[in-house]
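Residue-level structure breakdown
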Amino acid sequence: MTHATIRRSSSGCALLGAALLLAAIPAARAQDASSTAEQTIAAMTRIFGDHPGKRSNHAKGVVVEGSFTPSKDAATLSKASVFSGAAVPVTVRFSDATGLPQIPDGAPEANPHGLSIKFKPADGAEMDVVTNSLKFFPVATGEDFRDLLVAITRSGPDAPKPTPVEQFMAAHPAAPKALATARTPSSFGRQVYNGVNAFVLVDAAGKRNPFRYRIVPVDGEEILSADEAKAKGPNYLVEEMPARLAKAPVAFRVEAQIAQPGDATKDSTIPWPEDRRFVDLGTLTLTRAVPDSETAEKALLFMPNNLPDGVEVSDDPLIDARVQAYAISFGRRSQ
Ligand code: HEM
């Protein structure tokens, strides 16, 4: 797949774009696999191709390191050691969407970008936070995500109108709205990332606060126009981050948007109102690129349910759908 082919796609997101990228594809056999997660990975492989050793989604990325310094408020909301006061070492991977390891960073299909953080406190109570640059998610369940991917596999250039993916979008109005929130930044360090799924902070007295992560660049968000993104080199994001870190640290504020009673925790297609309280949980300060990012990312696995005592999953069904799909992808790319 060439850079030019990707550029010709007119859609604003990976999944819609992927539909346009498809050559004539034989009827999908994704449904033949046994679990929803396996069907999901099979559909991803059909759309993006098989790239041994690479992630089924977010295949292209760059690994960096630094630390997280919790705020005072963090410890009042959660008893987790990552929020207890001492700075915690972190490993972070920034990524482009799609299972295409060579996707140009400025292509619309490279949206949403990802930010994954592995917190590594001295007591071993690790935590993974896996976020992306969509404001909310296109679908609420793993089954719907699978169905969207399968619809894409059936929407090649010869598919009759309305294509399966057009029908999916019409039946799931949150999906096109969510995908329209994707934006191309000037740097991985100049984009806001969202946790999308709800998790629960649990304090020392057992009080539970459902929340969603928002990770905000201290230098502010800087979004490119379509023309500016098009003019960028194919690796401008993955190359810029190590170059930026060689000059100065890159910092993000890690925030928790706290739910109020009645806010939907099990539907990631519904953003909570902006007036919900955002609590500053601390500052993520990235200081260096790893020497060999490609080797480092192979060994890394970020799991949304890898949580310490003091942070729990909510009733959001997407979390388990993700965990199952990530495990299958990790198994495949580790072979
Ligand atoms: C049912 C919904 C979803 C499915 C099936 C799915 C599937 C996947 C898969 C298979 C991978 C590759 C995992 C690996 O090999 O390590 C992946 C990576 C990733 N996903 Fe998802 N995903 C879903 C939802 C989300 C959501 C809601 C977010 C963010 C809010 C997200 C952000 C990411 C990121 C950032 C990565 C790259 C992780 C890394 O750097 O290693 N995904 N996803």
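Model, not experiment: these values are computed from the prediction.

For strand E8 (residues 250-258), the tally of buried residues reaches 7 of 9 residues, placing the bulk of the element in the interior. As paired strands, strand E7 (residues 208-217) and E8 are joined by 7 bridges and run antiparallel to one another. If you follow Ile 215 over to E8, its bridge partner there is Val 254. As paired strands, E8 and strand E9 (residues 278-289) are joined by 8 bridges and run antiparallel to one another. Bridging from a neighbouring strand, Glu 255 pairs with Asp 280 of E9.

What follows is about the packing of helix H3 (residues 36-48) against helix H11 (residues 317-333). The contact between H3 and H11 brings their axes to 8 Å, and the two run at 55 degrees. Taken as axis vectors, H3 and H11 run oblique relative to one another. Crossing of H3 against H11: the hand is right-handed. Of the residues in H11, those touching H3 at Ala 37, Glu 38, Ile 41 and Thr 45 are Gln 324, Ala 325, Ile 328, Ser 329 and Arg 332. Of the residues in the contact of H3 with H11, the class split is 4 nonpolar, 3 polar and 2 charged.

This part takes up the site of the ligand. Within the structure, the ligand sits among 28 residues, and Arg 55, Arg 93, Tyr 326, Ser 329 and Arg 333 are positioned closest to it. Note that an oxygen atom of the ligand is positioned 2.7 Å from one of the side-chain N or O atoms of Arg 55. In the environment of the ligand, an oxygen atom lies 2.7 Å from a nitrogen or oxygen atom belonging to the side chain of Arg 333. Those elements giving two or more residues to the shell around the ligand turn out to be H3, strand E3 (114-119), strand E4 (127-132) and H11. No other element matches H11, which puts 8 residues into the shell around the ligand. For the shell around the ligand, the per-class residue count stands at 13 nonpolar, 11 polar and 4 charged.

Here the focus is the coordination of the iron atom of the ligand. Among protein residues, the single donor to the iron atom of the ligand is Tyr 326 (OH), with a metal-donor distance of 2.2 Å. As for its position among the elements, Tyr 326 is in helix H11.

In this numbering, the UniProt entry assigns the feature "binding site: heme" (unreviewed entry) to Tyr 326. Filtering out sequence-adjacent residues up to four positions away, Tyr 326 remains in contact with Val 130, Leu 301, Phe 302, Met 303 and Pro 304.

Thresholds, definitions, all that
- Residues numbered from 1 in each chain as written.
- Predicted model: local features only at pLDDT ≥ 70, side-chain atom pairs only at ≥ 80, totals over all residues.
- Heavy atoms only, no water.
- Buried < 20%, exposed > 50% of the residue type's maximum accessible area, 1.4 Å probe, protein only.
- Helix = DSSP H or I, 4+ residues; strand = E, 2+ residues; numbered from the N terminus.
- Pairing = 2+ DSSP bridges.
- Axes fitted to C-alpha atoms, helices over the stretch in contact; angles between N-to-C directions.
- Parallel < 35°, antiparallel > 145°, perpendicular 65-115°, else oblique.
- Left-handed = near helix turned anticlockwise from the far one by under 90°.
- Contact = heavy atoms within 4.5 Å.
- Nonpolar A, V, L, I, M, F, W, Y, C, P; charged D, E, K, R; others polar.
- Near = heavy atom within 4 Å.
- Polar contact = N/O pair within 3.5 Å; in protein donor to acceptor, adjacent residues only side chain to side chain.
- Donors = N, O, S within 2.8 Å, 3.2 Å for Na, K, Ca; no water.
- UniProt positions renumbered as here; feature names shortened; annotations may be inferred.

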